[in-house]
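Residue-level structural notes
Below are the chains, spelled out letter by letter.
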Amino acid sequence: FVAFYILQYYITVILKFASVGKSCLLLQFTDKRFQPVHDLTIGVEFGARMITIDGKQIKLQIWDTAGQESFRSITRSYYRGAAGALLVYDITRRDTFNHLTTWLEDARQHSNSNMVIMLIGNKSDLESRREVKKEEGEAFAREHGLIFMETSAKTASNVEEAFINTAKEIYEKIQEGVFDINNEANGIKIGPQHAATNSSLAGGQGGQQAGGGCC
Amino acid sequence: MAAFLQWRRFVFFDRETVKDPIENGKNFILPNGISACDSGRGHIVLGDILIWFLTRSLQLSSFQAYKLRVTHLFQLKQHSILVSVGQDEHGINPLVKVWNTDKRDSGSPLCTRIFPAIPGNKPTEVSCLSVHENLNFMAIGFTDGSVVLTKGDITRDRHSKTLTLHEGNSPVTGLAFRQAGKVTHLFVVNLEKVQCYTLSVKEYPRLELDTHGCALRCSALTDPSQDSQFIVAGNECVYLYQPDERGPCFAFDGHKILVHWHRGYLLLLTQDSKSPNNKETSPTEKHVLTIYDLDNKFIAYSAAFDDIIDVLAEWGSFYILTRDGKMFVLQEKDTQTKLEMLFKKNLFVMAINLAKSQHLDKDGLSEIFRQYGDHLYVKGDHDGAIQQYIRTIGKLEPSYVIRKFLDAQRIHNLTAYLQALHRQSLANADHTTLLLNCYTKLKDSSKLEEFIKSSESEVHFDVEIAIKVLRQAGYHSHAVFLAEKHAHHEWYLKIQLEDLKNYQEALRYIGRLPFEQAETNMKHYGKTLMHHVPESTTVLLKKLCTDYHVVPCSVEGAYDLCSSGNLWLQANSEEFIPIFANNPRELHAFLEHMIKVEPFSPQGVYDTLLELRLQDWAHEQDPEKKEVLQRAALSLLRSDNTVFDKALVLCQMHSFKEGVLYLYEKGKLYQQIMHYHMQNEEYSKVVEACKHYGNQEVCLWEQALGYFARKEEDCKAYISEVLQHIDLNNLMPPLLVVQTLAHNSTATLSVIKDYLINKLQRESQQIEEDERKIRQYREETANLRSEIQELRTSAKIFQKTKCTMCNSPLELPSVHFLCGHSFHQHCFESYAESEAECPTCTPENRKVMDMLRAQDQKRDLHDHFNRQLRGSNDGFSVVADYFGRGVFNKLTLITDPPGAKAGPGSLEADLQRDLLIHTKRNV
Ligand SMILES: Nc1nc2c(ncn2[C@@H]2O[C@H](COP(=O)(O)OP(=O)(O)OP(=O)(O)O)[C@@H](O)[C@H]2O)c(=O)[nH]1
Ligand SMILES: [Mg+2]
Ligand SMILES: [Zn+2]
Ligand SMILES: [Zn+2]
């Protein structure tokens, strides 16, 4: 008998500017399709997919937050309780890249300090309209200790890799013992058989950590 | 929050003020001072002091439920059970009453249970109420923050027990039961927190879901189709919760007053933000009702109303009750109308999503895809358009799409469409042709390959057409691949040979076909193959004509068939001979092989082989080799497998002397043999032939004589030799001999002197002999005549005293004959063959009779023979036949001496002439 359990990760997808393609990335990852029409995300949406890492079934729960500045207070509360984040900018719009620093600070401040952050330069299919060089993205990531990748939600290029690599990074951290899997505020939940006993405990601790996060 | 950050807004509902059914034109007016309401089971329930029921036809009825007032109403949707909270007396003393609306008790619904709602021991105001549809749970929230749960049959006191589930400080603002499978949850929200109890687990574990709550009436539960999520409307956002975690949130701003989830829509009532200051100026509040479609992310309806009491869903519509007693109905537009609205704004993606969530049928969806496709097409987004058109496949006529893209020369798009058509097995032959043409036009051979090869399991296209198209376009290898894969052997070979000129491959292919197909194809293409790859072709032909079998005979039954049907799996080698037309070397090899392995090969094989051997022989210069070849040819002739006529012609053509002679001999054509020698002027051989075959064919001598006679050279020796034979056997009348020899200028009298003398001598002897016999016969005749005369005229006296038979003295009874013989009666009876004849004279008599009869017969025979000879086309055989029957025997000469010389002599001359004519014709 092989002990088998499901880990649940919360991964928040965050970024400042609207329309960089977060929702599209998520849709591509969960549904494998692309939506050409921009459906403004109002608030926080949500998607999930099962993946397998190291022979273990893992449910990735992904929060797609609104990019609009005005929703920041709402989305911020979702940072905590996330094990990882994808910071997305649009390679065809320099302004989305320029504001990365402020958003990174914001994210770090309101989240678990161990949160894995991946930097994503999206819309790589629009090479002709590129404003941010790949090297710039790489440099920024190196400087802030992030993983970097360019993706296209349209062609699905690297989308799978972006999410799975992030999940792998988190998984490794769990193995290293960096994350306390009994603390749900870390964004990690153990499979259903333990959920009932852990949840009440985690609930309390989550409340403590909430601190300045909410609203 | 900025108003522009909102979803698209539509007017998918028609709003109407509900009119009074009796008083025309006047608005329907609600009872005054409504404090609670709900709907379900075909009516709207209102509560003030009374409980009111409003039917669809707007009939109002009421009954007194409480003495003072009704504060809460909960109508179950699946049961005719209404639960109310109200007051019968002043002070804080809420009473729960359960009503069965199907049963009547003196005009009002039957009240099945009454109990006070008190958490613990101090009385508190009830803030909210919820009842599980299974009638086993009822939850009551209180302003002091506690929740009381009633478990068991909630309609009866005895069967249920009540406990305080929750205690807290913040007033409870919302309660909702969630049932998923066997798991029951209760969501509890107060002003500060969202929590969830699991009621299906002992001790009812609690989970805190969020650290902010909502106001009264600002929570609801979604449909099971939306996962029965708990909706909590905070001021900034609307949050959704699962029993164990937070779900998405929507930043619908504004001060929330009321939240409902009805029929897939989120109904949100907010205070009108535009008129926050109007509170002073206008007596009534302005409310904005917004109906959201969370799935498709749009606003289905939004409008401002005056001070709304509640929004209820019943009879397929939404009913808005306002404080001023009015009632509005929101009637949802039908799907088609909604779609039209979306089309007008070119919101096709939304239309598609909407159509799907409304479960529009395939036709409807296909129509949307078409319109979307058209729209994108007009915009010039051909790639996008084709994606939509592909979704119409199965409904929309393909030609509609094809024409569009063909006209625009959008081959890439067209290809995509056609591919999809094929994938769904809806392509006809034209589509296949078109698709293949597209591929070839695009020079996209990898796609082409993929198309051809990917459809392993099912073939979505007409293979033959595909082959043709590919061939025409010069994609021969693809065509060949298809042909091979689908066993279109004819096509495969045709292309391999005619286009690719890959003869070896074609040959290999044929070699793997089942016998019959291999045979026909070999006949068809054999010549071409022979021309290009002679050796291998011959090898295959050899196999085909001997022991052809295709390798895979896996099934046992099939194997049996193969082995037992061996006879059938062998081609007729003769039929393949024409294939070798220009390749005698291979033909030779083939035929040699055939007669070696197959002793009973068809005639043609031997004949052709003979011809080949003769040719070789004729062309060979080296005498030694020539000798070998000659033996080979002869042995073939001797094998008796060749057709006589053909072999003869062949031998003659190639002047193959040995062969010709052998054949003549074999065919008993002795004259021919002689003639052959005559033509070659080999005199000694002529004579030899005569000696050899003269016994069997008498006329040889005569002909030899004629031959030598005509010769101008001196060949006396031969003539005399021949004459000797003729003389010896009396083969020719002397006159003929003389006549024959008269032609010759060199033949002197001396040559025939001996013969003539000899002849004349014998002749005169014969004459003498004959004359003597004539005399003798005459005498005998005269004697007989006189005897007969005697017998006729005078009585015969039988003087005989002894029996001719036993030679003892005659005794009576006795028999006497005119011939003079007498017999004892008993002797006669025992010896005589007939009563009328004398037994002693019988043998003599019979000889005479036979002679007479034979003479008669002879005459008949001659006529008959002549007739037959003339009528027949094989005179030789007729003559031979008569020979065999002994017609020409000398016997006749004796029985009929006077005509002996002229008769048969002339007959024989006739015959010989006929014979010559006929045999000449035969040659
Ligand atoms: N060409 C291209 N377009 C993309 C890509 N990803 C997204 N888009 C387009 O960019 C627009 C915005 O995409 P969304 O995914 O809705 O952007 P978002 O980041 O979720 O925006 P907000 O929710 O408002 O924060 C849409 O019109 C998409 O079609 C991409 O990889 N390539
Ligand atoms: Mg979005
Ligand atoms: Zn006798
Ligand atoms: Zn007699």
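The rules behind the values
Residues numbered from 1 in each chain as written. Chains lettered and ligands numbered in written order. Predicted model: local features only at pLDDT ≥ 70, side-chain atom pairs only at ≥ 80, totals over all residues. Heavy atoms only, no water. UniProt positions renumbered as here; feature names shortened; annotations may be inferred. Near = heavy atom within 4 Å. Polar contact = N/O pair within 3.5 Å; in protein donor to acceptor, adjacent residues only side chain to side chain. Areas by Shrake-Rupley, 256 points an atom, 1.4 Å probe, with all protein chains shown as cover. Helix = DSSP H or I, 4+ residues; strand = E, 2+ residues; numbered from the N terminus. Nonpolar A, V, L, I, M, F, W, Y, C, P; charged D, E, K, R; others polar. Buried < 20%, exposed > 50% of the residue type's maximum accessible area, 1.4 Å probe, protein only. Contact = heavy atoms within 4.5 Å. Donors = N, O, S within 2.8 Å, 3.2 Å for Na, K, Ca; no water. Tetrahedral: all angles 85-135°; square planar, octahedral: opposite > 155°, others 65-115°. Phe/Tyr/Trp six-rings, centres within 6.5 Å; stacked < 30°, edge-to-face > 60°. Lys NZ or Arg CZ within 6 Å of the ring centre and 35° of its normal.

Per an unreviewed UniProt entry, chain B is named Vacuolar protein sorting-associated protein 11 homolog, and its organism is Electrophorus electricus. What the UniProt record of chain B gives under Sequence similarities (unreviewed entry) is the line "Belongs to the VPS11 family."

Naming follows an unreviewed UniProt entry, where chain A appears as RAB2A, member RAS oncogene family of Electrophorus electricus. Turning to chain A, the UniProt annotation filed under Sequence similarities (unreviewed entry) states: "Belongs to the small GTPase superfamily. Rab family."

1. Focus on the site of ligand 1
Residue and element names in this part refer to chain A. Taken together, 22 residues form the shell around ligand 1, and within it Ser19, Ser23, His38, Thr41 and Asp125 come nearest. Thr41 is positioned with one of its side-chain polar atoms (N or O) 2.6 Å from an oxygen atom of ligand 1. Note that an oxygen atom of ligand 1 is positioned 3.4 Å from one of the backbone N or O atoms of Lys154. Notes on ligand 1: free accessible area 650 Å², of which the protein chains cover 92%. With three residues, the top contributor of residues to the shell around ligand 1 is helix α1 (residues 22-31). A per-class count over the shell around ligand 1 returns nine nonpolar, nine polar and four charged.

2. Side note on the environment of B:Val815
Residues and elements named next belong to chain B. Locating Val815 in the fold gives a position in strand β30 (residues 814-816). Under the relative-accessibility criterion, Val815 is labelled buried at 17%. A C-alpha to C-alpha distance of 9.1 Å links Val815 and Cys803, two positions twelve residues apart in sequence. Dropping the residues within four chain positions of it, Val815 is found in contact with His821, Ser822, Phe823, Gln825 and Phe828.

3. Quick notes on the environment of B:Asp227
Residues and elements named next belong to chain B. Its place among the elements puts Asp227 in the loop between β19 (219-221) and β20 (230-233). Taking the C-alpha atoms as reference points, Asp227 and Gln242, separated by 15 residues in sequence, lie 8.0 Å from one another. Residues contacting Asp227, with those up to four places away along its chain left out, are Arg178, Thr222 and Gln242. Within the local environment of Asp227, its side chain forms a polar contact with the side chain of Gln242, the two groups lying 3.1 Å apart.

4. Focus on the coordination of the zinc ion (ligand 3)
The expected angle between donors at a tetrahedral four-coordinate metal is 109.5 degrees. At an octahedral six-coordinate metal it is 90 or 180 degrees. All names here are of chain B. The zinc ion (ligand 3) binds to the protein through Cys803 (SG), Cys806 (SG), His824 (ND1) and Cys827 (SG); the donor distances cover 2.0 to 2.7 Å. Bound by four donor atoms, the zinc ion (ligand 3) shows angles of 93 to 123° at the metal and therefore tetrahedral coordination geometry. Positions of the donor residues of the zinc ion (ligand 3), expressed as sequence spacing, correspond to C-x2-C-x17-H-x2-C. Of the two residues, Cys806 sits in the loop between α27 (749-793) and β30 while Cys827 sits in helix α28 (residues 825-831), which places them 21 residues apart along the sequence. When its relative accessible area of 36% is taken as the criterion, Cys806 is described as partly exposed. Take Cys827: its relative accessible area is 7%, and that puts it in the buried class.

5. Comments concerning the packing of aromatic side chains
Each pair of aromatic rings is reported with the distance of its centres and the angle of its planes. One pass over the structure, following the stated rule, counts 29 aromatic pairs over all chains. An angle of 20° between the planes, with centres 4.3 Å apart, marks the rings of A:Phe29 and A:Phe163 as stacked. With a gap of 134 residues between them, A:Phe29 in helix α1 and A:Phe163 in helix α6 (residues 159-176) connect regions that are remote in the sequence. By the burial criterion, A:Phe29 is buried, and A:Phe163 matches it. Aromatic rings pair up to connect B:Trp7, B:Phe250, B:Phe252 and B:Tyr292 into one cluster. Across the ring face of B:Phe328, the terminal group of B:Arg15 is positioned such that the distance to the ring centre comes to 4.9 Å. Seen from the ring of B:Trp491, B:Lys494 lies directly overhead, with NZ or CZ sitting 5.9 Å from the centre.

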